[in-house]
Amino acid sequence: DSSHFAVTHRPWVWKLVGSVHDFYNGASILAWTYQHVLGHHPFTNIDGADPDIVTAAAEVPDIRRIKWNQKWLPRYFYQHIYVPMLYCFLGIKIRLQDFYILFTLRNSNIRVNPPTTTQWLMFLCGKMFYLTIRFIIPYQFMPLTSLLLYNMVGEMAGSYWLALIFQTSHVISEVEWPKPDKDNVVDMDWAELQVATTQDYATDSWFWTVITGALNHQTAHHLFPGVIQSHYPKITPIVKQTCEEFGLEYHYVDTAREA
């Protein structure tokens, strides 16, 4: 919520709460803002613009196939087996990617402004604090093998869950993958784009709303990212009704298992 500026109207609160991402998770809130808020939200599922769906260049087959325009290879028959294993390392990938984003000032096609001194300090101090609480301090009280094992188990579980929640909302064949025309323009209204490229699920379930951080109400989240998640259960029925009124397809499945 803080990274979407949905916690109060005070920027200092957004920054304070967002700093938890740096210090506790070891992942840069600044890099995340460019990746997610300025990249994924405005250009959802648009190949070449949405950094969340970046795959290898056409001439270099990617490890996974998630877009219709990717060349099909026999190994993709088995991606439902090996890709979830790779998703278990999403957290490590994000923390390492932070360095690339802030040092190269690029995230796919998203340009990154040079960080300020304060932002650099936040970034570096966050990484050091994370290493301290996750490795240095625990190492004083347990063997290295146990430390690495516990960290790896937690890392893999958290990463897989995060990837699963993200994929079920956008990286599925049921939603649209808009293609820009020759002038690099997508012939679709922004709000229509958000509805067309997003799937909701189990929105009547208190359990799934809580455990996913209300991201099962993904359409409401994309239409109103500046609204705190506790309001999504009230917004979703209005979104669904409005889609019916204007003849827009509202992507929805009843259960998380179906998603």
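Just so it is clear, the model here is predicted, and its values are computed rather than measured. (Residues numbered from 1 in each chain as written. Predicted model: local features only at pLDDT ≥ 70, side-chain atom pairs only at ≥ 80, totals over all residues. Heavy atoms only, no water.)

A. Expanded view of the environment of Gln229. By secondary structure assignment, the location of Gln229 is in the loop between α9 (218–223) and α10 (232–246). Spatially, the C-alpha atoms of Gln229 and Val210 are 9.7 Å apart, while their sequence positions differ by 19 residues. (Helix = DSSP H or I, 4+ residues; strand = E, 2+ residues; numbered from the N terminus.)

B. Spotlight on the packing of aromatic side chains. The tally for this structure, following the rule as stated, stands at 10 aromatic pairs. Note on Trp161 and Trp208: the rings are 6.2 Å apart at their centroids and 20° apart in plane angle, and the pair reads as stacked. In this pair, Trp161 is assigned in helix α6 (residues 144–170) and Trp208 in helix α8 (residues 206–211), connecting sequence segments 47 residues apart. Classification of Trp161 by relative accessible area gives partly exposed; the value is 32%. Ring geometry for Tyr250 and Tyr252: centres 6.0 Å apart, planes at 10°, overall stacked. You can call Tyr250 buried: its relative accessible area is 14%. (Phe/Tyr/Trp six-rings, centres within 6.5 Å; stacked < 30°, edge-to-face > 60°. Buried < 20%, exposed > 50% of the residue type's maximum accessible area, 1.4 Å probe, protein only.)

C. Structural detail: the nonpolar core. Membership of the largest hydrophobic core is limited to 9 residues, which are Val195, Ala214, Ala220, Leu223, Tyr232, Ile235, Val239, Cys243 and Tyr250. Residue assignment for this core shows that the elements contributing at least two residues are α9 and α10. Looking at which element gives the most residues to this core, the answer is α10, with 4 residues. Among all residues touching Cys243, those that are not within four sequence positions of it are Val195, Leu248 and Tyr250. Counting residues in hydrophobic clusters, the runner-up holds 8 residues, among them Leu30, Ile101, Leu102 and Ile110. (Core = buried A, V, L, I, M, F, W, Y, C linked by side-chain atoms within 4.5 Å. Contact = heavy atoms within 4.5 Å.)

D. Molecular detail of unusual backbone geometry. With a phi angle near 60°, Phe5 is a residue other than glycine that sits in the positive phi range. Summarising the element assignment, Phe5 is placed in the segment before α1 (11–23). Overall, the relative accessible area of 38% leaves Phe5 in the partly exposed class. A positive phi angle, near 65°, is found at Asn184, a position not held by glycine. Within the fold, Asn184 resides in the loop between α6 and α7 (190–196). The class for Asn184 is exposed, based on a relative accessible area of 64%.

E. Quick look at the side chain of Asp22. Relative to the helices and strands, Asp22 resides in helix α1. Nearest to the buried, unbridged Asp22 among oppositely charged side chains is Lys127, at 6.6 Å. Dropping the residues within four chain positions of it, Asp22 is found in contact with Ala27, Ser28, Ile29, Met122, Phe123, Gly126, Lys127 and Tyr130. (Lys, Arg positive; Asp, Glu negative; His and termini not counted. Salt bridge = Lys/Arg side-chain N within 4 Å of Asp/Glu carboxyl O.)

F. How the structure looks around a negative patch on the surface. On the surface, a cluster of negative charge is contributed by Glu176, Asp181, Asp187, Asp189, Glu192 and Glu249. Tracing the backbone shows Glu176 in the loop between α6 and α7. (Patch = residues over 30% accessible without salt bridge, like charges linked within 9 Å, V, L, I, M, F, W, Y side chains within 5 Å. Areas by Shrake-Rupley, 256 points an atom, 1.4 Å probe, with all protein chains shown as cover. Charge placed at Lys NZ, Arg CZ, Asp CG, Glu CD.)

G. The arrangement of a nonpolar patch on the surface in detail. Together, Tyr160, Trp161, Leu164, Trp206, Phe207, Val210 and Ile211 line one region of the surface with nonpolar side chains, adding up to about 700 Å² of accessible area. Of all elements in the fold, only α6 and α8 reach the threshold of two or more residues within the nonpolar patch. Per-element accounting of the nonpolar patch gives the leading share, 4 residues, to α8. Its location among the elements puts Ile211 in helix α8.

H. Just the pattern of salt bridges, in detail. Counted by the stated rule, this structure contains 4 salt bridges. Note that Lys127 is salt-bridged to Asp98, the shortest N-O span being 2.9 Å. A residue pair is termed long-range when its members are at least 10 positions apart, and Lys127 in helix α5 (residues 117–139) and Asp98 in helix α4 (residues 90–104) qualify at 29 residues. Both residues of the pair, Lys127 and Asp98, count as buried. Lys182 is the salt-bridge partner of Asp183, the closest N and O atoms lying 3.5 Å from each other.

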